[in-house]
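Letter by letter, the chains look like this.
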Amino acid sequence: MGGGDPQALGEEALGRLLRSNAPGKLSLAGAYAFGYVSLGYTQRKGTDPDWHQEIDPLDALFLGAAWPGAFRDEFEFANARDAWLRLLQGTVHGKSLQQFVREVVSASEELELPVDEGKLMLAVAGRLEAAGLDQRRLPRRLLPEAALQGCRTVYGPSLDLRLPDPPKDARERIRRFWKNTEELWADDTPEAILRDGLRRFRDAGLSVKQESRVLLPALYAALMTKPGELLEDVVEHAAVWALSLDEASTLVPLLDILLVAPALEMSVADTLGRLFAVPAFTESIPSEALLWTSSPGLALPRLAFELGIPKVSTREAVITPDLLDWAGMHARMRLSAAAREGAADLEEAASADIADGTHEEPDERWAERREAVREAVMHKVRTKSGRTATTRRRSDRPVERIWNADGSSVIRISTDTLRGQELMEGMEGQLDAFREKFGREPGPGDPMFFDPDADEPTPLTKEYFDDMLLNMAEHAVEMGIDPAFLHAWREVGYVVTEETRSLFTVAEVLAFSRAVARHRQAGE
């Protein structure tokens, strides 16, 4: 790109891009400039929402292309972003979008800065201009305001949607649906996953046969949630996840039924009957439904991985393909926790104002607030404060992960089982190895599994671990291990066994088992 300070060059490029572009007449580089400046403007005014802290250059590009449009929250923003990017990739501008992603990742690597770091985002403006991404304008029909009109992902399915008629044997199928108690792991269909979700809700004390609004959250809860995800979040997240899927997905007709059923006041039985008319309800759930990235900061890594870029550095973590789902889970739980804290602060401030008589609102404002509360109650499952989406009986497995509502977790190893005792002995062995290597007790920030060749406690790198798994796979048959098991472990970044499956979501278990099947088929 030439010499000079990257941030200074970026600032100069921003000025030129803002002068040469205008709303409705934007290039990709120009849209980025508008998005970057709008982020700075809201930050200076103090009106930037929490989710703006998660935005990366690709998010800024979309924000600028949609300017002056606004978004209710991070989920509406991210779903609209993803729908627009899917549309753009299918046009002549798709290659320019790929170049955009490459320029951002290259700048991140050269400057050794995360892609969502402020200094990097400023420097990117100069990179985009130098790469020629200001040469071609986006036609108005491809800008979000026009391109996303009527888009299912943004507006949801129409209430005039033609619903399929229930099959003739719907009543018998529904009877078997409620009667079946087969373990979920033997069946990866939406039917089985929904049944398991409803069982969880029922065990948590919720009514599951009265109102159809419980069905979509139950499906999502059984498939996608971590045990720390609160029910109050699950209701919202379920709808966002359902809308996030590409309209070409075979799961969309099924999800649309679940989305419109409450508004049409359909009964649970009627909704189930119509679900049985959709082939996807009793077929294996499609793999694209197992990964949800409806949060700021996740589209750029996803596109980078599609281009063969092996990793993307963000302020939160270095994301690799196997960590994308993990990053998505942490992003949505982190933002939901922040939203709850913000709401609590506002409620506390409002209560204080009312108590000292310094705050009054016109009657119509109070009417709007009451209506908003009524709508929220109508669209949320009744929950008890603090209850999680995956309430279960205490696990008798040797390993269990305890999740918190912000996405953090701890591992609990039970010594009541033989396998648990063996695992504890293994952990003690690691502690002894640490003491012998470094001559001290491990501290809170020290890794349990460390690089044996490093002079200071250093976590094992992904490259080290991948090489180790590949080496093990080469000798797997000799050790009596299926090599596909090890290749799948390397691909998805985790391993699922009968003993550890409680640590993972159903989506993660399915992703791992399908990876094993692919590698077996490939003869690996």
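Rules of the game
Residues numbered from 1 in each chain as written. Predicted model: local features only at pLDDT ≥ 70, side-chain atom pairs only at ≥ 80, totals over all residues. Heavy atoms only, no water. Helix = DSSP H or I, 4+ residues; strand = E, 2+ residues; numbered from the N terminus. Buried < 20%, exposed > 50% of the residue type's maximum accessible area, 1.4 Å probe, protein only. Contact = heavy atoms within 4.5 Å. Areas by Shrake-Rupley, 256 points an atom, 1.4 Å probe, with all protein chains shown as cover. pLDDT = per-residue confidence, 0-100. Core = buried A, V, L, I, M, F, W, Y, C linked by side-chain atoms within 4.5 Å. Phe/Tyr/Trp six-rings, centres within 6.5 Å; stacked < 30°, edge-to-face > 60°. Lys NZ or Arg CZ within 6 Å of the ring centre and 35° of its normal. Salt bridge = Lys/Arg side-chain N within 4 Å of Asp/Glu carboxyl O. Axes fitted to C-alpha atoms, helices over the stretch in contact; angles between N-to-C directions. Parallel < 35°, antiparallel > 145°, perpendicular 65-115°, else oblique. Nonpolar A, V, L, I, M, F, W, Y, C, P; charged D, E, K, R; others polar. Expected span 1.5 Å × (residues − 1). Arc of directions from axis to C-beta.

## A word on the overall build of the protein chain
Helix and strand content of the protein chain: 22 helices and four strands. Residues classed as buried in the protein chain amount to 46% of the 524 residues present. Across the protein chain, the fraction of contacts at a sequence separation of at least 24, relative to all contacts at a separation of at least 6, is 66%. In the form shown here, the protein chain has an accessible surface area of approximately 26800 Å², with 51% of it arising from carbon and sulfur atoms.

## So, the confidence of the model for the protein chain
Confidence in the prediction for the protein chain averages 83 pLDDT; 82% of positions are at 70 or higher. Scored below 50 in pLDDT, residues 357-386 shows 21 contacts in the model against residues more than four places distant or in partner chains. Ignoring residues within four places in sequence, the model shows residues 390-395, a span with pLDDT below 50, making 12 contacts including any to other chains.

## Looking at the nonpolar core
Within the largest apolar cluster, 61 residues are counted, with the highest numbers of intra-cluster contacts made by Leu58 and Trp84. Elements that contribute at least two residues to this core include exactly α1 (6-20), α2 (28-45), α3 (57-66), α4 (74-89), α5 (94-111), α6 (118-130), α15 (299-306) and α16 (324-355). Those residues in contact with leucine 58 that sit more than four places away from it in its chain are Leu85, Leu97, Phe100, Ala299, Leu300 and Leu303. Of all hydrophobic cores here, the second largest spans 50 residues; its members include Leu198, Leu231, Leu255 and Ala507.

## Quick word on the packing of aromatic side chains
The tally for this structure, following the rule as stated, stands at 17 aromatic pairs. Consider the rings of tyrosine 32 and phenylalanine 100, whose centres lie 5.9 Å apart with planes at 65°: the pair is edge-to-face. Taken together, the residues tyrosine 32 in helix α2 and phenylalanine 100 in helix α5 connect sequence positions 68 residues apart. Geometrically, the ring pair formed by phenylalanine 276 and phenylalanine 281 is edge-to-face, given 5.0 Å between the ring centres and 80° between the ring planes. Phenylalanine 281 carries the same exposure label as phenylalanine 276, and that label is buried. In this structure an aromatic cluster arises from ring pairing among Trp51, Phe62, Phe71, Phe77 and Trp84. Here lysine 209 stacks its cationic end above the ring of tryptophan 178, 4.7 Å away from the centre of that ring.

## Thoughts on the pattern of salt bridges
The full count for this structure, using the stated rule, is 28 salt bridges. In this structure, the salt-bridge partner of arginine 334 is glutamate 316, at a minimum N-O distance of 3.7 Å. Here glutamate 316 lies in the loop between β1 (312-313) and β2 (318-319) and arginine 334 lies in helix α16, a separation of 18 residues in the sequence. Since its relative accessible area comes to 24%, arginine 334 is described here as partly exposed. Overlapping salt bridges bring together Asp59, Arg81, Asp82 and Arg302 as one network.

## Brief notes about the environment of valine 509
Topologically, valine 509 is positioned in helix α22 (residues 506-521). Given a relative accessible area of 12%, valine 509 falls into the buried group. As for valine 509 and valine 496, which are separated by 13 residues in sequence, their C-alpha atoms are 6.5 Å apart.

## Describing the packing of helix α11 (residues 215-223) against helix α12 (residues 231-244)
At a closest axis distance of 8 Å, the pairing of α11 and α12 adopts a crossing angle of 90°. It follows from the interaxial angle that α11 and α12 lie roughly perpendicular. Of α12, the residues touching α11 (which contributes Leu216, Pro217, Leu219, Tyr220, Ala221 and Leu223) are Val234, Val235, His237, Ala238, Ala239, Trp241 and Ala242. Residues of the contact of α11 with α12, tallied by class, amount to 12 nonpolar, one polar and no charged.

## Side note on the packing of helix α9 (residues 170-179) against helix α14 (residues 268-275)
At their nearest, the axes of α9 and α14 sit 9 Å apart, and the two run at 105° to each other. As far as their axial angle goes, α14 and α9 are roughly perpendicular. In this structure, α9 contributes Ala170, Ile174, Phe177 and Trp178 to the contact, and α14 contributes Val268, Ala269, Leu272 and Gly273. Tallied by class, the residues present in the contact of α9 with α14 amount to seven nonpolar, one polar and no charged.

## A closer look at α6
When we look at burial in α6, the residues that qualify are Leu120, Met121, Leu122, Ala123, Val124, Ala125, Gly126, Arg127 and Leu128. On the buried face of α6, the contacting elements are α1, α2, α3 and α5. Glycine 132 sits one or two positions beyond α6 and adopts a positive phi of about 85°.

## Section: the environment of threonine 250
Along the polypeptide, threonine 250 turns up in the loop between α12 and α13 (252-260). Sequence-distant contacts of threonine 250, that is, excluding residues within four places in its chain, are made with Ala280, Pro286 and Glu288.

## Some words on unusual backbone geometry
In this chain, tryptophan 67 is followed by proline 68 through a cis amide linkage whose omega measures 10°. By the element assignment, proline 68 lies in the loop between α3 and α4. Even without a glycine there, the phi angle at glutamate 112 is positive, about 55°. Positionally, glutamate 112 belongs in the loop between α5 and α6.

## Some thoughts on α1
Taking 1.5 Å per residue as the helical rise, α1 with its 15 residues ought to reach 21 Å, and the 21 Å between its terminal C-alpha atoms agrees with that figure. Where α1 is concerned, the buried positions are Gln7, Gly10, Ala13, Leu14 and Leu17. Down the axis of α1, the sector holding all buried residues measures 115°, keeping them to one side. With respect to the buried face of α1, the exposed residues turned more than 90 degrees away are Glu11 and Arg19. In this fold, the buried residues of α1 make contact with α2 and α6.

## Some points on the environment of arginine 274
Positionally, arginine 274 belongs in helix α14. Spatially, the C-alpha atom of arginine 274 lies 8.2 Å from that of alanine 170, the residues being 104 residues apart in sequence. Residues contacting arginine 274, with those up to four places away along its chain left out, are Leu163, Pro164, Asp165, Pro166, Ile257 and Met266.

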